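The primary structure of each chain is shown beneath.
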Amino acid sequence: DSGEKSRLTYSEFAGKVYQITNLLRSKGIGIEDRIATISHNHINTVIQYYAAWSLGATVVPINVNEEPERIKYILQSSKTKLAFIQEEYYHCVEKIVNELSIKVIIHGVNQTPPASKKGPGPVTTEVLDVFEIEIEKHSKIFEPDEKVDQETEALIVYTSGTTGMPKGVVLTQYNLMVDADGISKWHKI
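Cut-offs used in this document
- Residues numbered from 1 in each chain as written.
- Predicted model: local features only at pLDDT ≥ 70, side-chain atom pairs only at ≥ 80, totals over all residues.
- Heavy atoms only, no water.
- 1 Å grid on protein atoms, 1.4 Å probe; cavity = no way out; pocket = protein on both sides within 12 Å on 5 of 7 lines; lining within 4 Å.
- Points joined across faces, edges and corners; volume = space filled by probe spheres on them.
- Helix = DSSP H or I, 4+ residues; strand = E, 2+ residues; numbered from the N terminus.
- Nonpolar A, V, L, I, M, F, W, Y, C, P; charged D, E, K, R; others polar.
- Buried < 20%, exposed > 50% of the residue type's maximum accessible area, 1.4 Å probe, protein only.
- Contact = heavy atoms within 4.5 Å.
- Core = buried A, V, L, I, M, F, W, Y, C linked by side-chain atoms within 4.5 Å.
- Pairing = 2+ DSSP bridges.

## Digging into the layout of surface pockets
Approximately 490 Å³ is the volume attributed to the second largest pocket. Around the second largest pocket, the lining comprises 19 residues; the ones closest to its centre are Y49, Y50, W53, L155 and L176. Counting only elements with at least two residues in the lining of the second largest pocket, the list comes to helix 2 (43-55), strand 2 (58-62) and helix 6 (173-186). A class-by-class count of the residues in the lining of the second largest pocket yields 10 nonpolar, eight polar and one charged.

Listed below in structure tokens is the structure:
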């Protein structure tokens, strides 16, 4: 990690969130559809979460150190339709997302198509390679759906699965708001 910092004004942040929200909507993602994030902590990951929540979609975070069979199980179990994948992890999950026909949006530093996608063979997955260019095609204005409320699913976090396969724990938007409120009060923020 280069230690670089990213700063956005509230307006810049909202604009990026809504561009990704509109991108997701253009890919057929709607209320309580599941999208996965296969990434390390990064500003794009935060923006992707907020974009999904603005749309009413449910985020399924995937641990990048998870075993491939567990990743496949989580993606199948959650009925994930689309995955945001950090460029450097794409090769680890390429076969899985192709088998499951999950749409993929790759984001990363180099913004180049993975070499494996240039070869012959059937690719059943729609892959968008250049994240920053792709989101710029979408409006920074977003009209929320009135059906999205505090009981809309926001996250499905999978347990470690030490006694079997991981189990999905569903958290609503209200769960996340109450948690954030409790943390801010505890830390006197």
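## Observations regarding the side chain of T152
Structurally, the position occupied by T152 is in the loop between helix 5 (131-135) and strand 6 (153-158). We classify T152 as buried; its relative accessible area is 3%. With sequence-adjacent residues up to four places away left out, T152 is seen in contact with I31, E32, G56, K147, T172 and Q173.

## As for the nonpolar core
In terms of nonpolar packing, the biggest core is built from 22 residues, with I20, L24, I29, I35, L82 and F84 touching the most fellow members. Elements represented by at least two residues in this core include exactly helix 1 (10-26), helix 2, strand 3 (80-86), helix 5 and strand 6. Looking at which element gives the most residues to this core, the answer is helix 2, with six residues. In this structure F84 touches I20, L24, I35, A36, T37, I38, Q48, I105, H107 and F131, once residues within four positions along its chain are discounted. Counting residues in hydrophobic clusters, the runner-up holds 19 residues, among them I38, I71, Y89 and V93.

## Things to note about helix 4 (residues 90-99)
In an α-helix, one full turn covers 3.6 residues, which means residues spaced three or four apart are oriented alike. Those residues of helix 4 not exposed but buried are Y90, V93, E94, I96, V97 and N98. Looking at the residues trailing helix 4, positive phi occurs at S101, about 55°.

## Quick look at unusual backbone geometry
In this model, S101 sits at a positive phi of 55°, which is unusual for a non-glycine residue. Relative to the elements of secondary structure, S101 occurs in the loop between helix 4 and strand 4 (103-107). At K188, a residue that is not glycine, the phi angle is positive and equals roughly 55°. Among the secondary structure elements, K188 is positioned in the segment after helix 6.

## Notes on the pairing of strand 6
Extensive coverage of strand 6 is indicated by the burial of five of its six residues. Where strand 6 meets strand 7 (residues 168-172), five bridges bridge the pair, whose relative direction is antiparallel. Of the residues in strand 7, the one forming a bridge with E153 is T172.

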